[in-house]
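A closer look at the structure
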Amino acid sequence: MDLVYNIPPMQRIYLDNNATTPILAEVLEAMHPYLTGSFGNPNSVHSMGIEARTAVEHARSQVATLVGAEPESVLFTSSATESINTVFAGATVGARPGGRVVVTAVEHAAVLQNALALEERGFEIVRVGVLSNGQLDLPRLEQALSPETILACVMWANNETGVIFPIQEVAQLCNERGISLHVDAVQAVGKIPVSMSDLGIDFLSISAHKIYGPKGIGALVSGQPSKLQPLLIGGHQESGRRAGTENVAGIVGFGHAAQLAHENLFARVKLTESLRNRLEAAIQQRIAGVEINGGGCSRISNTTNVSFEGIDSDAFVTVLDSLGVCVSTGSACHSDSLSPSHVLMAMTGSYEKANEAVRFSVSHLNTELEIDNVVDALEHAVVSLRT
Ligand code: PLP
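Throughout what follows, the structure given in this document is the object of discussion. Since this is a predicted model, take the numbers as computed values, not measurements. (Residues numbered from 1 in each chain as written. Predicted model: local features only at pLDDT ≥ 70, side-chain atom pairs only at ≥ 80, totals over all residues. Heavy atoms only, no water.)

It is worth spelling out the site of the ligand at this point. All residues in the neighbourhood of the ligand are listed as S79, A80, T81, H108, M155, N159, D184, V186, Q187, S207, H209 and K210. In this structure, Q187 approaches the ligand through a side-chain N or O atom, which is 2.8 Å from an oxygen atom. Between K210 and the ligand, the recorded distance is 2.5 Å, taken from a side-chain N or O atom to an oxygen atom. Protein contact buries 91% of the 390 Å² of open area that the ligand shows by itself. (Near = heavy atom within 4 Å. Polar contact = N/O pair within 3.5 Å; in protein donor to acceptor, adjacent residues only side chain to side chain. Areas by Shrake-Rupley, 256 points an atom, 1.4 Å probe, with all protein chains shown as cover.)

The following block contains the structure:
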């Protein structure tokens, strides 16, 4: 097979939108003044400070609207990872080692590594598994929520399979027991309706760069700000919840991206679902020995995770990249490790199967022609790798 390297960006087909999304032109435009003329510090009392403060507070309302929360409950952070670290730090203040933290086995590394760090400090960690279709084992979660539980972490939608977890039921179980619940909604916002206050979720983490906003800006939304412990100590920014001068342009970009995600939610879902379904149907029709992981479950509209029998997914992703197609084997955070996806391991229990899984995550910016070209490239790569 001829491998073509150094493909110009315009000719690449990007189907890795769960790793990160491009910044929309409108978002960049909204940010521009705050990177140039309107560079004031939002904590300054003069007019330039007020201009920046007004922009930050407007963005706070835009983000709050996206997740159905009050603006005061939105704390801007540098990433969802920072939001998650803040939750873990706050939940364990004053808690005696021995307390229980319940997480699902398929959470993002930001949750799983925090849980591991607590385990090393003497906390009891219960990792609740998923069924073979990727759905949360809800009865097992219910069993795990003992009176000693100080925190439960359940993601809304899985970043590798797109499977949506029953957050309403999870929130009810936690509320009935008075257990704090953190929901990682990074892959859910902008893809399904998310309303925090309707459900009684205590903490929700989100990130701008998954919804066509800039990298380096996220939010922790909390109905219980008193339970938050600042991770960064210093000035009184973010009402004393996070020290450090605010990333004004990033916040403005996040706010604008959140507003667009809210306004265009159903249009984006319709487009991405149609592209994802076209891709899945063509793969199943044209390539033998494939399995859609999580295919039987309710999933976010843009994601499909496919196992290609007998093909090592790392090699597959590399060959596809050489053909101008950008996809991934799972979470971008694991891309430098050769261990197979912990999500696919939790679902299949098989190292071999987990090693065959490739994630395709489309956006509303992709086209049907791109999907058709990707299927051609897949067919070509599969034939070449299987022989
Ligand atoms: N949680 C999930 C489900 C994710 O997919 C990601 C990013 O891939 C994160 C958390 C971390 O987000 P950030 O890059 O903002 O730290």
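Attention shifts here to the environment of L151. Looking at where L151 falls in the secondary structure, it is placed in strand β5 (residues 149-153). Not counting residues within four places of it along the chain, the set of residues in contact with L151 comprises V87, F88, A91, R100, V101, V102, I179, S180 and H182. (Helix = DSSP H or I, 4+ residues; strand = E, 2+ residues; numbered from the N terminus. Contact = heavy atoms within 4.5 Å.)

This part covers the environment of E142. In this fold, E142 is placed in helix α5 (residues 138-144). Among the residues examined, E142 registers a relative accessible area of 38% and is labelled partly exposed. In sequence terms E142 and E169 are 27 residues apart; their C-alpha atoms lie 9.9 Å from each other. Once you skip the residues sitting within four places of it in the chain, E142 turns out to touch L173 and R177. (Buried < 20%, exposed > 50% of the residue type's maximum accessible area, 1.4 Å probe, protein only.)

Of the two faces of strand β6 (residues 181-184), the one lined by L181 and V183 and the one lined by H182 and D184 are each fully buried. Across two bridges, the pairing between β5 and β6 is parallel. Looking at β6, one finds that C153 is bridged to H182. In this region the chain leaves β5, passes through helix α6 (residues 167-177) and returns to the parallel neighbour β6; the handedness of that crossover is right-handed. Pairing between β6 and strand β7 (residues 203-207): three bridges, direction parallel. Considered in β7, the bridge of D184 is made with S205. (Pairing = 2+ DSSP bridges. Right-handed = clockwise from strand over helix to strand, strands pointing away.)

Worth remembering: the numbers are spatial, not functional.
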